[in-house]
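The primary structure of each chain is shown beneath.
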Amino acid sequence: MRTLGTVFTVASLLALPACALLGKKGAPQTESTSSASTADTAAPAEAAPAPAPAPAAPNLEMRKSAQCLDFKPAELTLGTNGQYQVTEGVSKKDYSGFVKRKPGQFTDGCFFALEEPGQCATMLVDRKKYAAIGNSNDWQLQCVFADKPEDGMITNTDIVPYTVTYLTNKDMILKCGHDQGSDYECHDGNNSARGGEYQKRLDAKNQDLLAVCGFGANSYDDAALKNRYVYCSYYNKQTKKVLFAFDYLRDEIKK
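About the cut-offs
Residues numbered from 1 in each chain as written. Predicted model: local features only at pLDDT ≥ 70, side-chain atom pairs only at ≥ 80, totals over all residues. Heavy atoms only, no water. Helix = DSSP H or I, 4+ residues; strand = E, 2+ residues; numbered from the N terminus. Contact = heavy atoms within 4.5 Å. Areas by Shrake-Rupley, 256 points an atom, 1.4 Å probe, with all protein chains shown as cover. Buried < 20%, exposed > 50% of the residue type's maximum accessible area, 1.4 Å probe, protein only. Pairing = 2+ DSSP bridges. Phe/Tyr/Trp six-rings, centres within 6.5 Å; stacked < 30°, edge-to-face > 60°.

**Overview of the overall build of the protein chain**
Working step 1: Each helix and strand in the protein chain was counted, giving seven helices and 10 strands.
Working step 2: Look at the contacts in the protein chain between residues 6 or more apart in sequence, and 71% of them connect residues 24 or more apart.
Working step 3: Summed over its atoms, the accessible surface of the protein chain is roughly 16100 Å², and 53% of this surface lies on carbon and sulfur atoms.

**Describing unusual backbone geometry**
Working step 1: For Lys-100, which is not glycine, the phi dihedral falls at a positive 55 degrees.
Working step 2: One can find Lys-100 in strand S2 (residues 91-103).
Working step 3: For Lys-100, a relative accessible area of 61% puts it in the exposed group.
Working step 4: A positive phi angle is found at Asn-206, which is not glycine, with a value near 55 degrees.

**What to know about the pairing of strand S10 (residues 241-250)**
Working step 1: Of all 10 residues in S10, nine are buried, a share of seventy percent or more.
Working step 2: As defined by bridge partners, strand S3 (residues 111-113) adjoins S10 across three bridges and the pair is classed as parallel. By the bridge assignment, Phe-112 is partnered in S10 with Phe-246.
Working step 3: Where strand S9 (residues 228-236) meets S10, eight bridges bridge the pair, whose relative direction is antiparallel. Bridging across to S10, Tyr-235 finds its partner in Val-242.
Working step 4: In this antiparallel pair of consecutive strands, S9 and S10, the connection spans four residues, and Lys-240 shows a positive phi of 65 degrees.

**What to know about the environment of Gly-134**
Working step 1: Here Gly-134 lies in the loop between helix H5 (127-132) and strand S5 (139-145).
Working step 2: For Gly-134 and Lys-237, which are 103 residues apart along the polypeptide, the C-alpha to C-alpha distance reads 8.3 Å.
Working step 3: Setting aside chain neighbours within four positions, we find Gly-134 in contact with Trp-139 and Gln-238.

**As for the packing of aromatic side chains**
Each aromatic ring pair is characterised by the separation of its centres together with the angle its planes make.
Working step 1: For the structure on display, the rule yields 12 aromatic pairs.
Working step 2: Both rings, one in Phe-112 and one in Phe-246, keep their centres 5.4 Å apart while their planes meet at 10 degrees; by these two values the pair is stacked. Of this pair, Phe-112 sits in strand S3 while Phe-246 sits in strand S10, and the two are 134 residues apart along the sequence. The pair formed by Phe-112 and Phe-246 is uniform in burial state, with each residue classed as buried.
Working step 3: Taking 5.2 Å as the distance between ring centres and 35 degrees as the angle between the ring planes, the aromatic pair formed by Tyr-130 and Trp-139 counts as tilted. Neither residue differs from the other here; Tyr-130 and Trp-139 are each classed as buried.
Working step 4: Put simply, the rings of Phe-106, Phe-112, Tyr-130, Trp-139, Tyr-234, Phe-244, Phe-246 and Tyr-248 pair up and form one aromatic cluster.

Below, the structure written as structure tokens:
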């Protein structure tokens, strides 16, 4: 009986399908549908970022609109109220002054353009002519957004310049040992001494220094206050005319 049981068992085994003997590894494989399922349930593509706003454009009509006085400033210079470094032996120290200078140019009478956010301009005026048409109360730096001048003068002085003294005498002569190259003269004195030296030159020529800057925007500013041109004019209340006018792009300053 034991032998017959054994033979019966072997015969039974031989009659079984191969897949039953081989288990999962030998079983015929059915076509997987995982790829199709994955494709059908794939996440949608990310939305494209919003396009950058179009660059602002200056108001060309406003550039031609200034009613200029019969004299205009001299030696218009563009540049930056920025940092420079002075080396004395192994000591290095940072100072501020008028750097990155280049000649400016008046167009359309007494208008000039600042070329980038945060740029400044200096100029010299005849002292007698300037004083003859009023004191400080008779002058006003008036600014509007060039794309919407009908909104009126901007009174927020955190957004626009309001004075013509953003640079002073000490900024015009750098301290010796500076890193700005041979085109910039220097004086060894402190701020007061350098300022006094420049004042002597102004007095000798009977001139005064005026300086304005185009304010840059901050990253946290409202979008409506950035990427816009600002038009400013230095208006004289007695004559109803302007000594100069300029515009600049109010946007974030490039480092």
